[in-house]
Every structure is written in C-alpha cells, then in structure tokens.
Amino acid sequence: MSTTEIVIADNLGDHSETGPGARWWPNPFKELKARRAVNDQLRALNPETDFHQIAKLVVGRVFADAFFNDALFTVAYWRQIAIRTIAPVLHQSGRGKTYETTKRVDDTLLFFGFLYRDGWQTRRAGATIDRLAAMHERFKIPPDDFRYTLSGLCFEPVRIPEILGCQVLNEREARALFLFWREVGRRWGVDVPEEQAAFRAWMEHYEDTVYERTPEGPLLATAMGDDFCKRFFPGPLKGLGY
C-alpha cells in the first residue's frame, strides 16, 4: 500500500469500493464529484490550525495519481542524493551494501502514509516517528541533513511544479504542508525554523553550500531512475521513462 492509498482509504471511509465485484477502473463522474467535495473541505479549513487535515486531503487527492506521486518522490530523492554527506549514508545498509531500491521506496512511502494519516501527536504517530528515529540511529547523520530532508517534504511539492511552470498547491495548502512537517520534525527532535520563508531560504542556501558529486551519487540516481521505469515504463518502454 502506498502513501496515497493509505490516506485515500482514511479519507474515503466507508465510501471506497472494495471486495468482490468492486470496479477497478475509475468512475470519472464520481471522481469529479469527490474532488469538488474535497476542494470545498479545503476552502473551509484554516491552514494555521487545521494543517494536518489539509495535508491529508492534499496528499489523498491532489497527489492521488501514482505516476505523479512517484515521479515527484524520485526527483526529490535525487536532490537528497546530491548532498555530499547524505549520498554515502543512502548507499549503505550498515553492511557496506546498497539497500534494495524498490523496498526502500515502498517502505519510505509507507512511513509517509502513516504520518499523513496519524499526524504527530497521537500514540500511533509517536510509535512511527520513534521507529524511524531508531532506524537512523546507527548512521552518523548530521543534524543539518535531517533538517534538509524535512525541508524537501515541506517544499518539493511546491518547487518541482514551479520548475515545470505549473502550480499544484495554492498558498494555503503550501502553508499547511509546511506547518504539518514542521511539527513532525519537532516531534522527532529536528530544529526547524519558525517561519516558512526562512526555512525555504535555509534549504536553498544549504544546497548551494553542500551539493557535491560523490562516488555514490550516480549509482543511487541510476538505481532510483531504474526503479521508476520498472514501475511505469517496463521492458522496452524504459527509454521513455528517462
């Protein structure tokens, strides 16, 4: 189950179609009606206080397309690989070997789905965050690298579409996403700037400072690209994925 599948199931409640005889193809009229209902909900929410609910709705519907979601994740991951201290950590599993890429992607998106569903204050959310922290303890990860990864979760859903010349999130939704991940980060113990603009400025300065080609970087980038193609452009279609 992916990030969006977890969140969509949570948002749909009893309205999802499952079980024998359920249709596997989308109903465009139902999808349009559902999207309008979500947009109505989003407009009624306050990003300063309802940011968790807004983040869930945004991820569950705006990013519900698996192709778009995986493409966004892959590009954001490539940015992580460009950090000179992050690439060597991602390349190893504690035994000097690269993690199996598909499992890494699936596990990461699964954890994201749990966090979007549960937030940061619940017992279940705390267990997820503590589990993530324990998994990373054996690696000597600088605090700034944790902060940079968190900044990607806050801003890549805005920045990558900006680069492509489109807008996916409006200002209210982008604000809610920042506040949500700021609170998740603080629960983890990551020091996050109070203001949204200050955090994005920090992220961009960090990239200017520590982006560097490493021996591990191209290997990781190729592995991620190959995994994306395997999911959406298998076999002879692989060239279209790149």
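Residues numbered from 1 in each chain as written. Predicted model: local features only at pLDDT ≥ 70, side-chain atom pairs only at ≥ 80, totals over all residues. Heavy atoms only, no water.

1. Describing helix H9 (residues 171-188)
Since there are 3.6 residues in each turn of an α-helix, residues three or four apart along the chain are aligned in direction.
Here is step 1 of the chain: Between the first and last C-alpha of H9 there are 26 Å, a value that for 18 residues agrees with the 26 Å anticipated at 1.5 Å per step.
Here is step 2 of the chain: The buried fraction of H9 is high, at 13 of 18 residues.
Here is step 3 of the chain: The opening residue of H9 is Asn-170, an N-cap whose side-chain oxygen sits 3.1 Å from the backbone nitrogen of Arg-172. (Helix = DSSP H or I, 4+ residues; strand = E, 2+ residues; numbered from the N terminus. Expected span 1.5 Å × (residues − 1). Buried < 20%, exposed > 50% of the residue type's maximum accessible area, 1.4 Å probe, protein only. Polar contact = N/O pair within 3.5 Å; in protein donor to acceptor, adjacent residues only side chain to side chain.)

2. Observations regarding the packing of helix H6 (residues 101-118) against helix H11 (residues 216-232)
Here is step 1 of the chain: With their axes 9 Å apart at the nearest point, H6 and H11 run at an angle of 80 degrees to one another. Classified by the angle their axes make, H6 and H11 are roughly perpendicular. For the pair formed by H6 and H11, the contact residues are Thr-101, Thr-102, Val-105 and Asp-106 on the first element and Ala-223, Met-224, Asp-227, Lys-230 and Arg-231 on the second.
Here is step 2 of the chain: In the contact of H6 with H11, the residues fall into 3 nonpolar, 2 polar and 4 charged. (Axes fitted to C-alpha atoms, helices over the stretch in contact; angles between N-to-C directions. Parallel < 35°, antiparallel > 145°, perpendicular 65-115°, else oblique. Contact = heavy atoms within 4.5 Å. Nonpolar A, V, L, I, M, F, W, Y, C, P; charged D, E, K, R; others polar.)

3. Digging into the packing of aromatic side chains
Here is step 1 of the chain: Inspection of every chain in the model, using the stated rule, returns 21 aromatic pairs.
Here is step 2 of the chain: Ring centres of Phe-67 and Phe-233 lie 6.0 Å apart, and the angle between their planes is 75 degrees; this geometry places the pair in the edge-to-face category. With a gap of 166 residues between them, Phe-67 in helix H4 (residues 66-81) and Phe-233 in the loop between H11 and helix H12 (238-241) connect regions that are remote in the sequence.
Here is step 3 of the chain: We classify Phe-67 as partly exposed; its relative accessible area is 38%.
Here is step 4 of the chain: Centroid distance Phe-178 to Phe-199: 6.4 Å. Interplanar angle 55 degrees. Geometry classified as tilted. Here Phe-178, found in helix H9, pairs with Phe-199, found in helix H10 (residues 196-210); they are 21 residues apart in sequence, far enough to count as distant. There is no split in this pair, since Phe-178 and Phe-199 are both buried.
Here is step 5 of the chain: Aromatic rings pair up to connect Phe-51, Phe-73, Tyr-77, Phe-112, Tyr-116, Trp-120, Phe-180 and Trp-181 into one cluster.
Here is step 6 of the chain: In this structure, Arg-147 is placed above the aromatic ring of Trp-202, and the distance from its NZ or CZ to the ring centre is 5.6 Å. (Phe/Tyr/Trp six-rings, centres within 6.5 Å; stacked < 30°, edge-to-face > 60°. Lys NZ or Arg CZ within 6 Å of the ring centre and 35° of its normal.)

4. Side note on the pattern of salt bridges
Here is step 1 of the chain: One pass over the full model with this rule turns up 21 salt bridges.
Here is step 2 of the chain: When the shortest N-O distance is used, the salt bridge between Arg-79 and Glu-156 registers 3.1 Å. Here Glu-156 lies in helix H8 (residues 143-163) and Arg-79 lies in helix H4, a separation of 77 residues in the sequence. Comparing Arg-79 with Glu-156 shows no difference in burial state: the two are buried.
Here is step 3 of the chain: In the salt-bridge network here, residues are joined through shared partners; they are Asp-70, Asp-106, Asp-227 and Arg-231. (Salt bridge = Lys/Arg side-chain N within 4 Å of Asp/Glu carboxyl O.)

5. So, the packing of H8 against H9
Here is step 1 of the chain: Two numbers describe how H8 lies on H9: the axes approach to 9 Å, and their chain directions differ by 165 degrees. Judged by the angle between their axes, H8 and H9 are roughly antiparallel. Like other packed secondary-structure pairs, H8 and H9 cross with a definite hand, here right-handed. Here Phe-146, Leu-150, Leu-153, Cys-154, Phe-155, Pro-157 and Val-158 of H8 come into contact with H9, specifically with Ala-174, Leu-177, Phe-178, Trp-181, Gly-185 and Trp-188.
Here is step 2 of the chain: Its residues assigned to classes, the contact of H8 with H9 shows 12 nonpolar, 1 polar and no charged. (Left-handed = near helix turned anticlockwise from the far one by under 90°.)

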